[in-house]
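Commentary on secondary and tertiary structure
Here's the letter readout for the chains.
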Amino acid sequence: MQMNPFSRIISGVMNWGSWGARLSIQQMERQIDFCVALGITSFDHADLYGGYTTEAEFGRAFRTAGINRDQVQLISKCGIQMPCEARALPLKYYDYSAKHLQYSIENSLKALKTDYLDLLLLHRPSPLLEPESIAESVQKLLKQGKIKSFGVSNFTPSQIAWLQNEIKPAWNQIECSLTHEAPFFDGSVDYLSAHKMGVMAWSPLGSYYKLQDSKTKRITDCMRALKAKYNCAEDQLLLAWLLKHPSKLHPVLGTTKPERIKKSLEALEINLELTDWFLLLKASQGEEVP
Ligand SMILES: NC(=O)c1ccc[n+]([C@@H]2O[C@H](COP(=O)([O-])OP(=O)(O)OC[C@H]3O[C@@H](n4cnc5c(N)ncnc54)[C@H](OP(=O)(O)O)[C@@H]3O)[C@@H](O)[C@H]2O)c1
C-alpha cells in the first residue's frame, strides 16, 4: 500500500449541507479552517451528499479558506444514482459504467474546485459491477492524475477478492462502531488487514446517539464508571474503543459541532485497558464473549 496520507480522524462532510446542519459557505469555510488547524486534514465526501449539492458548497468554501490544496486530502465516492431535484431518475440504482465513472469524477472535481481526489471510493457494491471495466476506468483516472488512489466502501471480503483479480483497492470504508461491531467478528476487518488495506469506519459512534434502546442503556450504564476512570466523555469512549483495534482504522466523524470535533482528538490519547474494552463489548452485545 502507498504511504497513508490521511489524518487519523477524518471529517465526514455528509451532514454539513442540506442533509444536516445546513452550514452557510462562511460557516463551512470556518469549519475547514478549524479542522485543518487541529490536524484533521482529510475530508470525506460523496457526490450525492445533500442531493448532489454539498461538494459544490464545500468547494466554494475551500476556495476562500486560503488553505493550500496539498494541506488537505479530499475523499469522494460515486456510483449511487439517486432521484432528487438535481437528478431526474426513475429510481435509486448503482452505475459503475466507464462513462458514469468518468462523468462522476469530473463532476466532483469541478464541484470541489480541485484537479484531483486523494481517494476515490466506489460507494456501494453493485451486483452488476464488472471488475475488468472498473480496473480500466480507475487506471485511466490514475493516469490522468484525477485520482491519487482508489478504494471501495461497504464491500464484503468476497466482493473485494473479486475486484482484486483486476485491481487492488487500497481502502474499504465500512460501518463500524461499538454498536455495529460485527466487522471485527465476521472477517471483514481481518481481510482488509491481511491484504494490507486501510479501514475507514463510518458512523463511528454507531446507534448510541440515534436509538434509545436496551443496548444504549447497557452502554450508558457501563460508561458511567469508565468516564470517571479515564476522565472523559461518552463520545470519546466510543471512539477510544474503536481506535484500540490493531487495524489502526480511521474514524469518519459525522458531527459538525466544533467542540465535539476538538474533543474527538483527545480520544486518541485514551488507551483503554483490555478488560475495559471487553466490558464495553459485553455491554453492547448483552453478554460476555463465549
Ligand atoms: N460510506 C458510506 O456508505 C457512508 C455512510 C454514512 C456515512 N458516511 C460518512 O461517515 C460520516 C459520519 O457518519 P455519521 O454522521 O453517521 O457519524 P457519527 O460520527 O457516528 O455521528 C452520528 C451523530 O452523532 C451525533 N453526536 C456526536 N457526538 C455527540 C454527543 N456527544 N452527543 C450527542 N450527539 C452526538 C452527531 O450529531 P451533531 O452533529 O449534533 O454533533 C451526529 O449526527 C459521514 O459524514 C460520511 O462522511 C459514509
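This structure is a prediction, so every number in the text was calculated from the model and none was measured. (Residues numbered from 1 in each chain as written. Predicted model: local features only at pLDDT ≥ 70, side-chain atom pairs only at ≥ 80, totals over all residues. Heavy atoms only, no water.)

1. Focus: the nonpolar core
Soluble globular proteins tend to pack their nonpolar side chains together in the buried interior. Counting 74 residues, the largest nonpolar core has Phe43 and Leu122 as the members making the most contacts within it. Per-element accounting of this core gives the leading share, seven residues, to helix α9 (residues 234-243). Ignoring any residue separated from it by four or fewer positions in sequence, one finds phenylalanine 43 in contact with Ile10, Ser11, Val13, Trp16, Ile32, Cys35, Val36, Phe58, Val72, Gln73, Leu74 and Ile75. Formed by nine residues, the second largest nonpolar core is a distinct cluster that contains Ile75, Leu121, Trp171 and Val252. (Core = buried A, V, L, I, M, F, W, Y, C linked by side-chain atoms within 4.5 Å. Buried < 20%, exposed > 50% of the residue type's maximum accessible area, 1.4 Å probe, protein only. Helix = DSSP H or I, 4+ residues; strand = E, 2+ residues; numbered from the N terminus. Contact = heavy atoms within 4.5 Å.)

2. Things to note about the packing of aromatic side chains
What the rule picks out here adds up to ten aromatic pairs. Taking the centre distance of 6.3 Å and the plane angle of 10° together, the rings of phenylalanine 58 and phenylalanine 62 count as stacked. In this pair, phenylalanine 58 and phenylalanine 62 are both assigned in helix α3 (residues 54-65), four residues apart and thus about one turn of the helix distant. One exposure class covers both phenylalanine 58 and phenylalanine 62, and it is buried. Seen in terms of ring centroids, tyrosine 208 and tyrosine 209 are 5.0 Å apart; in terms of plane orientation they differ by 85°. Their pairing is edge-to-face. On the basis of relative accessible area, tyrosine 209 is assigned to the partly exposed category, the value being 48%. Cluster of aromatic residues (ring-pair linked, three or more members): Trp16, Phe43, Phe58 and Phe62. One residue, arginine 69, lies across the ring of tyrosine 116, its end atom 3.9 Å from the ring centre. (Phe/Tyr/Trp six-rings, centres within 6.5 Å; stacked < 30°, edge-to-face > 60°. Lys NZ or Arg CZ within 6 Å of the ring centre and 35° of its normal.)

3. What about the pattern of salt bridges?
Per the counting criterion, the structure on display carries eight salt bridges. Its salt-bridge partner being lysine 77, residue aspartate 44 comes within 2.7 Å of it at the nearest N-O pair. One end of the pair, aspartate 44, is in strand β2 (residues 42-44); the other, lysine 77, is in strand β3 (residues 73-78), and 33 residues separate them in sequence. In this pair, the class of aspartate 44 matches that of lysine 77, namely buried. Beyond isolated ion pairs, a larger network of salt bridges with shared partners links Lys217, Asp221 and Arg224. (Salt bridge = Lys/Arg side-chain N within 4 Å of Asp/Glu carboxyl O.)

4. Topic: the site of the ligand
Around the ligand sit 27 residues, and of these Asp44, Ser203, Thr255, Lys257 and Arg260 come closest. A distance of 3.3 Å separates an oxygen atom of the ligand from a polar backbone atom of methionine 14. Here a nitrogen atom of the ligand sits 2.8 Å away from a polar atom, N or O, in the side chain of serine 153. The protein chains hide 84% of the 910 Å² of surface that the ligand would expose on its own. Taking a 2 Å distance to the grid points as the criterion, the majority of the atoms of the ligand fall inside the largest pocket. Here the shell around the ligand is built from residues that sort into nine nonpolar, eleven polar and seven charged. (Near = heavy atom within 4 Å. Polar contact = N/O pair within 3.5 Å; in protein donor to acceptor, adjacent residues only side chain to side chain. Areas by Shrake-Rupley, 256 points an atom, 1.4 Å probe, with all protein chains shown as cover. 1 Å grid on protein atoms, 1.4 Å probe; cavity = no way out; pocket = protein on both sides within 12 Å on 5 of 7 lines; lining within 4 Å. Sits in = over half its atoms within 2 Å of the grid points. Nonpolar A, V, L, I, M, F, W, Y, C, P; charged D, E, K, R; others polar.)

5. Observations regarding the layout of surface pockets
Empty space within the largest pocket amounts to approximately 860 Å³. Taken together, 38 residues make up the lining of the largest pocket; nearest its centre are Met14, Asn15, Ser203, Lys210 and Gly254. At four residues, the largest contribution of residues to the lining of the largest pocket is made by helix α10 (residues 258-266). The residue makeup of the lining of the largest pocket, split by class, is 15 nonpolar, 13 polar and ten charged. When its volume is computed, the second largest pocket comes out at roughly 150 Å³. Considering the residues around the second largest pocket, the lining is formed by Asn154, Phe155, Thr156, Pro157, Ile174, Glu175, His180, Ala182, Pro183, Asp186 and Ser188. Grouping the constituent residues of the lining of the second largest pocket by class yields five nonpolar, four polar and two charged. (Points joined across faces, edges and corners; volume = space filled by probe spheres on them.)

6. Here's the deal with unusual backbone geometry
A positive phi angle is found at lysine 113, which is not glycine, with a value near 55°. Turning to its location among the elements, lysine 113 is positioned in the loop between α4 (98-112) and β6 (119-122). Phi angles above zero are rare outside glycine, and asparagine 154 is one such case at about 65°. As for its position among the elements, asparagine 154 is in the loop between β7 (150-153) and α6 (157-164).

7. Things to note about the packing of helix α8 (residues 214-230) against helix α11 (residues 274-285)
Close contact between α8 and α11 brings their axes to 7 Å; oriented N to C, the two are set at 160°. Here α8 lies roughly antiparallel to α11, going by the angle between them. Between α8 and α11 lies a crossing whose hand is right-handed. Across from Lys215, Arg218, Ile219, Cys222, Met223, Leu226, Lys229 and Tyr230 in α8, the residues of α11 making contact are Asp276, Leu279, Leu280, Ala283, Ser284 and Gln285. When the residues that make up the contact of α8 with α11 are grouped by side-chain class, the tally is eight nonpolar, two polar and four charged. (Axes fitted to C-alpha atoms, helices over the stretch in contact; angles between N-to-C directions. Parallel < 35°, antiparallel > 145°, perpendicular 65-115°, else oblique. Left-handed = near helix turned anticlockwise from the far one by under 90°.)

Geometric values such as these leave the question of function open.
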